[in-house]
Amino acid sequence: MAEQQQFYLLLSNLMSPDNTVRKQSEEAYETIPGQTKITFLLQAIRDASAAEEVKQMAAVLLRRLLSSSFEEVYPSLAIDVQTAIRTELLAGIQSEGSSNIRKKVCDIAAELSRNLIDDDGNNQWPEILKFLFDSVNSQDVSLRESALHIFWNFPGIFGNQQQHYLEVIKRMLVQCMQDQENPQIRTLAARAAASFVLSNESNTALLKHFSDLLPGILQAVNESCYRGDDSVLKSLVEIADTAPKYLRPNLEATLQLSLKLCADTNLTNMQRQLALEVIVTLSETAAAMLRKHTNIVAQSVPQMLSMMVDLEEDEEWAMADELEDDDFDSNAVAGESALDRIACGLGGKIVLPMIKQHIMQMLQNPDWKYRHAGLMALSAIGEGCHQQMEAILSEIVSFVLLFCQDPHPRVRYAACNAIGQMATDFAPTFQKKFHDKVISALLQTMEDQSNPRVQAHAAAALINFTEDCPKTLLTPYLDSLVQHLHVIMVAKLQELIQKGTKLVLEQVVTSIASVADTAEEKFVPYYDLFMPSLKHIVENAVQKELRLLRGKTIECISLIGLAVGKEKFMPDASAVMQLLLKTQTDFNDLEDDDPQISYMISAWARMCKILGKEFQQYLPVVMGPLMKTASIKPEVALLDTQDMENMSEDDGWEFVNLGDQQSFGIKTAGLEEKATACQMLVCYAKELKEGFVEYTEQVVKLMVPLLKFYFHDGVRVAAAESMPLLLECARVRGPEYLTQMWHFMCDALIKSIGTEPDSDVLSEIMHSFAKCIELMGDGCLNNEHFEELGGILKSKLEEHFKNQEVRQAKRQDEDYDEQVEETLQDEDDNDVYILTKVSDILHSIFSSYREKVLPWFEQLLQLIVNLICPHRPWADRQWGLCIFDDIIEHCSPSSFKYGEYFLRPMMQALCDSSPEVRQAAAYGVGVMAQFGGESYRPAFTEAVPLLVGVIQSPDSRAKENANATENCISAVAKVMKYRPECVNVTEILPHWLSWLPLNEDKEEAVHTFTYLCDLIESNNPIVLGPDNTNLPKIFIIIADGVVNESIKGEDGCSKRLANVIRQVQVSGGLWTQCVSALNEAQQKAIQDLLNTA
């Protein structure tokens, strides 16, 4: 008994407001063995004399124990103890007087039964099912409540008996939703029904069968909201998110109800926003279904706009120097975000006509709040209504610019916001069309000394404008821009010294950086105007509240340095590095979320780009902090839904709902910094190459595990990018060191190709893996690697075909429309991109391993053959042929054994309607001639006439056909050069000469010029013509080749061409004749070639 009393004391100490007491109690609690914990906790819950909060704490702890440590604790208990626990829990639910504790005991029972369903779906606790049936039919309301609560918490409680009991479950829910006397039973039954639907989201038949419960759920949503309970409404949002198709039979009613609640100002803001969330979520999860109900969507638009008008009057607003975060619970923010999402979800074709009139009216309203909301709404819909707004951009811009002179500062602020947003959404069209109007309007607004908030926002809009502005457009404005920015910077520096205000200065410094970044070398004349003041800020702005200003100034200095180049920046470079390193010595004192960190880290990387190899001397000082930041480990937690309610997203936690009452939480502080740091390590490895070798080992050890860092895509991309670069850095240490490093990364790379969930990251990982193999070459993969990789590539290809089938099925769906087709096209492009990466990996393997890898490849053969079937989309055929091209190029003569699969399709593909397919086929014929061997001879007699036909077709030189045609010309050259016995060279040569030079495909151009040299050097009469009459024509071909950069000074081919020219030079008359045929650019090109080659 004394032990039990001690335990009660421990429980109440666990709730102590005193941190030390609480910490000690937590440590003491952890040391108690799990089985003892269960006994004590259960006794506490069942002890009628214990204080309510002690019982409550015990219940929470027991549920957590079963949720997090079930396997460690429960199975090892004696069977009779297990039975006793189950009996006690059910007895406790029946006898507990406090409804709060009773609910918590229900949660424990649900948690226990969740863990007692075995792998075959048998519920090992049949008594709880009997308890549910008895309780739900009981006269005792609290027992009915308990049964519903358990079912709501764990709707999978029937396990493999669910189908058998389906009618009973349905009847039980319907009966409870119609309980006229007890509103709380109706609410709980609706939540339980929603929970059941969500846990069976993919079971279409079940959702259909349960669709007649939806009217009851909607009724409960309505009732409960007016009783101040939004739990059922939250369930409805979840259904819209996870199982939107369930709502289809009653979609009209669902939307009408959401609209009614959203419009009712008697409800709380939170409830109105949740009701709107139902509609907005559906626009994302079931856009096509919602597009059939545009009338309701059109009615919801004014609701969003009226929320955006819900702003406070705030006298201090314009002078505020700290930008407080947007109040995310406010109606204004919720309305704006809803508009943005619904425009993206449903598309501009539908949304813009609905909203345009409303916005126009708002902008003419005498009340500033309406004008503000109208401008913010314009900013919000830009992304979703992109195409439709682009058509009327001129009238929108002229209209918005008027509001830069609005009498109310917050409207002027909103006008700057709209300009900044449009500058990003419609770049670079926006910059090209409106540069003069926009730059002058923003510069004028930036002079609004009495309203710093407006000034700062105008500077922010200018940053958006210059970031995507073509350099040539910005150059004429540089003088005026620089002069304005300098005047404001000087004035604001004075203000900082006198009043300590910094908001505008922070933005202006970034505006300067952005202008320099776009202007590049054109910024040189203004360098000395800014650099002294900027260095002054970094030296002196050391107080905590100036951290952001200092960080932005560091960024500005490094961007200016990068823009003006090494020569201009060099005199300041070491002083700047010293300034940065001075911060850096105090780096360990910086807090994890100090804004200076990521600015510093990016600035060093820019310094590295400016200084090149000379940056190496700073590595010992820079790498410590950089590695520390790249190694940040985020705080994570697995929580059940009940724990989550005590943690808020404001403390920097973000949650992902894993379903089944569980959520995953991550504290996001430091994540962006970590990603930046990893990106910068990639930058050092790329810039410094062998200069970075000292650090390759520690960086590789950091990066390899980060391939699995699923909290941030950018970190995984950086990890993947770093691999081939680190191998290149490590090369100088010799083959043994290099191989060790490759072994350390190889397994992880292959595994992550198999497991990476995000297609953009996956393509980076595959690309890096292919580069690594090219770098390491023959022998870098062992049998296990090959086996695993083969399986993964096979499943990627199978997935590719499966996804195509799924998309075809969606095209047959009743909700299919042109917007759905756009989405399907995007998915298709994504898939094809992954296919190109499969091709990259195979290319690297064939080029490293050659013929001996073919037996391994045969497991993929049938899938690649499927790609080139005539009925497949063109991209499939293109990449399938590319893979066979690689086999011919690198694995001949053995490649011929697959000829039966690819020769026929390849010949047909030469005349394909898609230029990409023609190009792949023509390239194939070329490598067949060059590398294929004897067996392929019969193919050329068929191929050459087809190639000539393509080249001579009327639009063969049109832009979209040029590459394919040039590959055909090159293929003809390769056949004449390597297989002259298969074609009539004399007949083809004059035509072939008339097709030169190749301008688009530089690699193939080299092949054709090399062959041309062979022909000239062997004095081929057809090429030179009688009495060398073709030479002027040849000069033109060579000159054009130089002009188009198809001939580069450094390759062997250009030396040979230069020699041809020199031979002509010595015979005076011929030389004059050749040169006089050239225009000025061509004459210069010939001169350049003679000078360099």
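Before any of the text, the structure's been laid out above.
Since the model is a prediction, treat every value here as computed from it, not as a measurement.

Scoring rules and cut-offs
Residues numbered from 1 in each chain as written. Predicted model: local features only at pLDDT ≥ 70, side-chain atom pairs only at ≥ 80, totals over all residues. Heavy atoms only, no water. Helix = DSSP H or I, 4+ residues; strand = E, 2+ residues; numbered from the N terminus. Buried < 20%, exposed > 50% of the residue type's maximum accessible area, 1.4 Å probe, protein only. Contact = heavy atoms within 4.5 Å. Areas by Shrake-Rupley, 256 points an atom, 1.4 Å probe, with all protein chains shown as cover. Salt bridge = Lys/Arg side-chain N within 4 Å of Asp/Glu carboxyl O. Phe/Tyr/Trp six-rings, centres within 6.5 Å; stacked < 30°, edge-to-face > 60°. Lys NZ or Arg CZ within 6 Å of the ring centre and 35° of its normal. Expected span 1.5 Å × (residues − 1). Arc of directions from axis to C-beta. Polar contact = N/O pair within 3.5 Å; in protein donor to acceptor, adjacent residues only side chain to side chain. Axes fitted to C-alpha atoms, helices over the stretch in contact; angles between N-to-C directions. Left-handed = near helix turned anticlockwise from the far one by under 90°. Nonpolar A, V, L, I, M, F, W, Y, C, P; charged D, E, K, R; others polar. Parallel < 35°, antiparallel > 145°, perpendicular 65-115°, else oblique. Patch = residues over 30% accessible without salt bridge, like charges linked within 9 Å, V, L, I, M, F, W, Y side chains within 5 Å. Lys, Arg positive; Asp, Glu negative; His and termini not counted. Charge placed at Lys NZ, Arg CZ, Asp CG, Glu CD.

Helix and strand counts for the protein chain stand at 54 helices and three strands. Here the C-alpha coordinates of the protein chain stretch approximately 120 × 75 × 60 Å along the principal axes. Residues counted as buried form 56% of the 1093 residues belonging to the protein chain. A separation of at least 24 residues holds for 72% of the contacts in the protein chain among residues at least 6 apart in sequence. If you sum the accessible surface of the protein chain, you get close to 47300 Å²; carbon and sulfur atoms cover 51% of it.

For the rest of this paragraph, the subject is the environment of L474. Turning to its location among the elements, L474 is positioned in helix α26 (residues 471-474). Not counting residues within four places of it along the chain, the set of residues in contact with L474 comprises I439, T466, C469, L481, V515 and T518.

This next bit is on the pattern of salt bridges. Should their charged atoms come close, side chains of opposite charge can pair. Counting across every chain of the model gives 48 salt bridges. Note that R937 and E934 form a salt bridge whose closest N and O atoms lie 3.0 Å from each other. One salt bridge connects D1014 with R1056, and the closest N-O pair in it is separated by 2.6 Å. Taken as a pair, D1014 in helix α49 (residues 1002-1017) and R1056 in helix α52 (residues 1052-1065) lie far apart in primary sequence, 42 residues in all. Judged by relative accessible area, R1056 falls into the partly exposed class, the value being 23%. Where salt bridges share partners, they join R248, K292, E814 and D815 into one cluster.

Looking now at the packing of aromatic side chains. The full count for this structure, using the stated rule, is 29 aromatic pairs. Arranged with centres 5.6 Å apart and planes meeting at 50 degrees, the rings of F158 and Y165 form a pair that is tilted. When the ring of F896 is compared with that of Y936, the centres are 5.0 Å apart and the planes differ by 90 degrees; the resulting orientation is edge-to-face. Taken together, the positions of F896 in the loop between α43 (874-890) and α44 (899-909) and Y936 in the loop between α45 (915-932) and α46 (937-952) put the pair 40 residues apart, joining distant regions of the chain. By way of ring pairs, the aromatic residues F133, F151, F158, Y165, F196 and F210 are connected into one cluster. The lysine or arginine in question, K170, covers the ring of F210, its NZ or CZ lying 5.9 Å from the ring centre.

Another point: α52. Over its 14 residues, α52 runs 20 Å from end to end, which matches the ideal 20 Å to within 8%, given 1.5 Å per residue. Taken as a whole, α52 has its buried residues at C1053, S1054, L1057, A1058, V1060, I1061 and V1064. Considered in projection along α52, the buried side chains sweep an arc of 155 degrees and stay on one side of the axis. Lining the buried residues of α52 we find α49, α51 (1031-1043), α53 (1068-1076) and α54 (1080-1092).

What follows covers helix α20 (residues 368-381). Since the α-helix advances by 3.6 residues per turn, residues separated by three or four positions end up pointing in the same direction. Taking 1.5 Å of rise per residue, 14 residues should cover 20 Å, and α20 covers 20 Å from first to last C-alpha, within 8% of that figure. Where burial is concerned, most of α20 is hidden: 13 out of the 14 residues are buried. Between a side-chain oxygen at the N-terminus of α20 and the backbone nitrogen of K369 the separation is 3.0 Å; the capping residue is D367.

With that settled, consider the packing of α46 against helix α48 (residues 985-995). Two numbers describe how α46 lies on α48: the axes approach to 12 Å, and their chain directions differ by 35 degrees. The two elements α46 and α48 meet at a crossing, and its hand is left-handed. Contacts between α46 and α48 involve V944, V948, I951 and Q952 from the first element and I988, H991 and W995 from the second. Of the residues in the contact of α46 with α48, the class split is five nonpolar, two polar and no charged.

So, on to unusual backbone geometry. As a rule of thumb, non-glycine residues mostly have phi less than zero, and peptide bonds are mostly trans rather than cis. With omega at 5 degrees, the peptide bond leading from S892 into P893 counts as cis. Geometrically, the link from L996 to P997 is a cis peptide bond, its omega value of -5 degrees lying close to zero. Tracing the chain through its elements places P997 in the loop between α48 and α49. With a phi angle near 50 degrees, E520 is a residue other than glycine that sits in the positive phi range. Within the element layout of this structure, E520 appears in the loop between α28 (503-519) and α29 (527-540). Positive phi outside glycine occurs at R850, with the angle close to 55 degrees. Mapped onto the elements of the fold, R850 is located in the loop between α41 (818-849) and α42 (854-867).

It is at 8 Å that the axes of helix α33 (residues 619-630) and helix α35 (residues 671-688) come closest, and there the two elements cross at 140 degrees. Classified by the angle between their axes, α33 and α35 sit oblique to one another. Our pair here, α33 against α35, has a crossing hand that is left-handed. Here L619, V622, M623, L626, M627, T629 and A630 of α33 come into contact with α35, specifically with E673, K674, A677, C678, M680, L681, Y684 and L688. Split into classes, the residues belonging to the contact of α33 with α35 amount to twelve nonpolar, one polar and two charged.

Moving on, we get to a positive patch on the surface. A grouping of K609, K613, K686, K689 and K771 is seen on the molecular surface, where their side chains present a positively charged patch. In this structure, K771 sits in helix α39 (residues 759-776).

Below, the discussion takes up the environment of H209. Its place among the elements puts H209 in helix α11 (residues 204-209). We classify H209 as partly exposed; its relative accessible area is 28%. Spatially, the C-alpha atoms of H209 and E395 are 52 Å apart, while their sequence positions differ by 186 residues.

What follows deals with the environment of T1008. Note that T1008 resides in helix α49. Overall, T1008 belongs to the buried group, its relative accessible area being 2%.

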